[in-house]
Amino acid sequence: MPVQPPPFSIDPARLYDVGQDGIPRTDTGEAPEWLSLRHRRLLGWVALGSLMVGGLAGLCVLCFMLGARLWAAAFALAMMAATPLLGIGPVLDWWRHRRPYRRRHHSRSPDFPPG
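Every value quoted in this text rests on a predicted model; they were computed, and no experiment measured them.

J.: Can you explain the overall build of the chain? Please cite residues and give values.
T.: Scanning the chain for helices and strands turns up three helices and three strands. Order of helices (α) and strands (β) in the chain, N terminus to C terminus: β-β-α-α-α-β. The burial tally for the chain puts 18% of its 115 residues in the buried class. In the chain, the proportion of contacts linking residues at least 24 apart, taken out of those at least 6 apart, comes to 62%.

Right under this line is the structure:
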């Protein structure tokens, strides 16, 4: 039996999400292209956060192995304090490039084509 095309096509301009709160939202934002400036910034922030957390964890283990338990505890606390750095890149990307294109609608959007 030959494969038949679908009887209709989906128009992306007519799509919207309804969240668990029941409010319809449209999202016209796009994901960053591979290794574009935006994507490199995102990867850079994540790499910086990973380097900081990994470096502090390494120093903590090294100090613990050398017997400097007070220094090891200080580096462990610093590592825990630096952990939120891992989220800066994704949060900045969402704030600058995704949030402005996501809109809430109390009713059907006027630019939404009629059904």
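Additional details are given in the paragraphs that follow.
J.: Account for the environment of Thr-26, with residues named and values stated.
T.: With respect to the helices and strands, Thr-26 occurs in strand β2 (residues 24-27). A relative accessible area of 15% means that Thr-26 is categorised as buried. Note: C-alpha distance between Thr-26 and Tyr-101 (75 residues apart in sequence) is 7.8 Å.

J.: How would you summarise a nonpolar patch on the surface if you had to cite specific residues and measurements?
T.: Residues Trp-34, Leu-35 and Leu-43 make up a contiguous nonpolar surface patch of about 360 Å² in total accessible area. Residue placement: Leu-35 occurs in the loop between β2 and α1 (37-66).

J.: Can you explain the nonpolar core? Please cite residues and give values.
T.: In terms of nonpolar packing, the biggest core is built from seven residues, these being Val-53, Leu-56, Cys-60, Cys-63, Ala-72, Phe-75 and Ala-82. Among the elements of the structure, α1 and α2 (69-82) are those that each provide at least two residues to this core. In terms of residue count, the dominant contributor to this core is α1 (four residues). Residues contacting Cys-63, with those up to four places away along its chain left out, are Ala-68, Trp-71, Ala-72 and Phe-75.

J.: Requested: an account of the pairing of β2, with residues and values cited.
T.: Across two bridges, the pairing between strand β1 (residues 17-18) and β2 is antiparallel. Bridge pairing in β2 links Val-18 to Pro-24. With antiparallel pairing between neighbouring strands as the criterion, β1 and β2 make up a hairpin whose turn holds five residues, including Gly-22 at a positive phi of roughly 85°.

J.: Talk me through α1; I want residue IDs and the actual numbers.
T.: In this model α1 runs 43 Å from its N-terminal to its C-terminal C-alpha over 30 residues, within 8% of the 44 Å that 1.5 Å per residue would give. All of the buried residues along α1 are Arg-38, His-39, Leu-42, Gly-49, Val-53, Leu-56, Cys-60 and Cys-63. Here the buried face of α1 lies against α2 and α3 (88-98). Just downstream of α1, Gly-67 is the residue with a positive phi angle, here 95°.

J.: I'd like a description of the side chain of His-39, backed by residues and values.
T.: Relative to the helices and strands, His-39 resides in helix α1. Every residue in contact with His-39, bar those within four places of it in the chain, is listed here: Pro-32, Glu-33 and Trp-34.

Cut-off values and rules
Within every chain, residues take consecutive numbers counted from 1 along the sequence as written. Under the rules for a predicted model, residues below a pLDDT of 70 receive no local features and side-chain atom pairs below 80 are neither given nor counted, while totals for whole chains, interfaces and linings still include all residues. Each side-chain value is worked out from all heavy atoms of the structure, with water and hydrogens disregarded. Working definition: helices are DSSP H or I runs of at least four residues, strands are E runs of at least two. Numbering for both runs from the N terminus. Only protein chains enter the accessibility calculation, which uses a 1.4 Å probe; a residue is then buried when its area is under 20% of its type maximum, exposed when over 50%, and partly exposed in between. In what follows, a contact means two residues having at least one pair of non-hydrogen atoms within 4.5 Å. Candidates for patches are residues over 30% relative accessible area with no salt bridge; among them, like charges are joined within 9 Å and nonpolar side chains (Val, Leu, Ile, Met, Phe, Trp, Tyr) within 5 Å. Here the accessible surface of atoms and residues is derived via Shrake-Rupley with a 1.4 Å probe, and residues count as covered only by protein chains that are part of the display. The term salt bridge refers to a pairing of a side-chain nitrogen on Lys or Arg with a carboxyl oxygen on Asp or Glu at a separation within 4 Å. Nonpolar cores were defined as sets of buried Ala, Val, Leu, Ile, Met, Phe, Trp, Tyr and Cys residues, with membership established by side-chain atoms within 4.5 Å. When DSSP finds at least two bridges between two strands, those strands are taken to pair. Multiplying 1.5 Å by the helix residue count minus one yields the expected span of that helix.

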